[in-house]
Amino acid sequence: MKYTEEHEWLRIEGDLVVVGITEHAAEALGDVVFVELPEPGTQVAKGDEVCVIESVKAASDILAPLDGEIVEVNAALADTPGMVNDDPLGAAWFFKMKLADLKALDGFMDEAAYKELIG
Amino acid sequence: MADLLRTGLYDLHLRLGAKMVPFAGYEMPVQYPMGVLKEHLHTRAAAGLFDVGHMGQVILRPKGSYEAAALALEALVPVDVLGVKPGRQRYGMFTNPQGGILDDLMFANRTDHIFVVVNAGCKDADVAHMRAHLSAACAVEYITDRALLALQGPAAETALARLVPGVAAMRFMDVGVFGWQGVELWVSRSGYTGEDGFEISLPDAVAVTFAEALLAMPEVAPVGLGARDSLRLEAGLCLYGHDIDTATSPVEANLGWAIQKARRAGGARAGGFPGAERILCELAEGPARRRVGLAPEGRAPMREGVEIYAAPEGGAPIGVISSGGFGPSVNAPVAMAYLPAGLPEGTLVYGDVRGKRLPARIAPLPFQPTTFKR
């Protein structure tokens, strides 16, 4: 598992990367009440706003961690946004991306580095 | 969080695991480990305990007769103060000469004095305003040694009556003084959630003990400012600085119900409050814009500041959302907005959320039926 500075986790699954948000991020957001997901097939560039997460407190975004194509989204999140708080590392993945080169993931933090970041 | 004030319950909040945030100059609990959503639902299902000790408590003690003090206060609010019977409380607002709202407040006839509760963010200005205008008729005593708790929800009566049996006989907007462990509790049957419940003023010295006695009961959980906001929003209640301010009149804010007959045109004491000309004119002819409920059709919350349009494309905004978010009890987004007066309930409008115009309908307030014990 890799981590971004925006508190997303990245998990390799075959030739795809699964993206979600960390427990730390889910807790900071508070109860999630709405998730807006991208259309599968969307080409995204690193830093693009890909998803919107609305909690009882505020709205925030998930940014595309890298260039690539969104190939699958977790439609269950639209109906049950509370999954983000209940199981952020498992059932509440947001989308799967196809990258031009999986090696691009090497630049992200590992778990130890991420834990250091969040203190 | 230097320079922020703390209520007497600050240490208790920390012990309960609260997340503290700055609010109106105070360090206040926004949520406890239960979280905003569950705290909200718990309040509607059982009872929530809120620290509202940041709010201002003021006694107006008549220098002459009670009637003279009540009439003096009537010069600051478009409300029938004189008609409030002993042991009863009423909602009101201080208005400015332009007919805008300086603050909203609760005041009670406590027989030999008037007890006033005002918003935390406005309290210093409110006290100065009252001292400047009421001092001939009454002493304005700003109370700084008493805490204020709110216990709200269907189990509030059961819980509070275990400590103070007399409160069970109170009705909505009654006030009374009760003894508890040798101190005076000033209790009102009111609140800011749309639920039955109480607000309890008590000496700082016993506030933690009293709060802990309530929290030890199975019905009672501590509830923070986050859920207080979603509860009042579902109940259609205004938040000062958001839904009402110095530029909104009580009539625009749909608070005309708080202006009794005695203060309206043709009433026994018509006018005679700041901004009377505009406010009475708006009561007679209707305001240009009005606060309404707005129910987004989708699941995306529409928050404060979202601009409202009449059509899915083109045109200028016709209004703006003053408060909005997710309503846990109605399980949908809810909002209040200022829109041109006269648009009927059910009217379809569009809120600009992140550059997309999403549909919403004008909806009756409150979103959640109130459960006051009348």
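Our structure is the block above this text.
Criteria and thresholds
Residues numbered from 1 in each chain as written. Chains lettered and ligands numbered in written order. Predicted model: local features only at pLDDT ≥ 70, side-chain atom pairs only at ≥ 80, totals over all residues. Heavy atoms only, no water. Buried < 20%, exposed > 50% of the residue type's maximum accessible area, 1.4 Å probe, protein only. Helix = DSSP H or I, 4+ residues; strand = E, 2+ residues; numbered from the N terminus. Pairing = 2+ DSSP bridges. Axes fitted to C-alpha atoms, helices over the stretch in contact; angles between N-to-C directions. Contact = heavy atoms within 4.5 Å. Buried area = accessible area lost by both parts, 1.4 Å probe. Salt bridge = Lys/Arg side-chain N within 4 Å of Asp/Glu carboxyl O. Polar contact = N/O pair within 3.5 Å; in protein donor to acceptor, adjacent residues only side chain to side chain. Nonpolar A, V, L, I, M, F, W, Y, C, P; charged D, E, K, R; others polar.

Enquirer: Looking at this structure, how should I read the pairing of strand 4 (residues 56-62) of chain B?
Expert: A regular strand carries its side chains on alternate faces of the sheet. Residues and elements named next belong to chain B. Of all 7 residues in strand 4, 6 are buried, a share of seventy percent or more. Sheet topology note: the strand 4/strand 8 (residues 138-143) ladder contains 6 bridges and is antiparallel. Following the sheet pairing, L60 is matched in strand 8 by V140.

Enquirer: Explanation requested: the sheet that holds strand 5 (residues 89-95) of chain B in the structure shown.
Expert: The pairing of strands in a sheet comes from backbone hydrogen bonds and takes either a parallel or an antiparallel form. Residues and elements named next belong to chain B. Strand order in this open sheet of 5 strands is 5-6-7-4-8, and the pairing throughout is antiparallel. Whereas interior strands pair on both sides, the edge strands pair on one side only; in this sheet they are strand 5 and strand 8. With strand direction ignored, the average angle separating the axes of adjacent strands in the sheet is 30 degrees. Here helix 4 (residues 123-134) sits on the sheet in contact with strand 4, strand 5, strand 6 (101-109), strand 7 (114-118) and strand 8, set at roughly 165 degrees to strand 8.

Enquirer: How should I be thinking about the interface of chain A and chain B in this particular structure?
Expert: When the parts of a complex come together, some accessible area is lost, and that lost area is often taken as the interface size. Contacts between the two partners involve 12 residues from chain A and, on the opposite side, 12 residues from chain B. When the area that chain A buries against chain B is broken down by residue, the three leading residues are A:D31, A:V33 and A:K57, summing to 39%. A salt bridge links A:E54 to B:R354; the shortest N-O distance between them is 2.9 Å. Between the two partners, chain A and chain B, sit 8 residue pairs in polar contact (both at pLDDT 80 or more). Tallied by class, the residues present in the side of chain A that touches chain B amount to 7 nonpolar, 1 polar and 4 charged.

Enquirer: Please clarify how the sheet that holds strand 7 (residues 59-63) of chain A should be interpreted in this entry.
Expert: All names here are of chain A. Across the sheet, 3 strands lie side by side as 4-6-7; this open sheet has antiparallel pairing. The open sheet has two free edges, formed respectively by strand 4 (32-36) and strand 7, since each of these has just one partner strand. Between one strand and the next, the sheet's axes are offset by a mean angle of 25 degrees, whatever the strand orientation. Two strands pair when backbone bridges link them, and strand 6 (residues 49-55) and strand 7 are joined in this way by 5 bridges, in the antiparallel orientation. Of the residues in strand 7, the one forming a bridge with E49 is L63.

Purely spatial values, then, with no claim about function.
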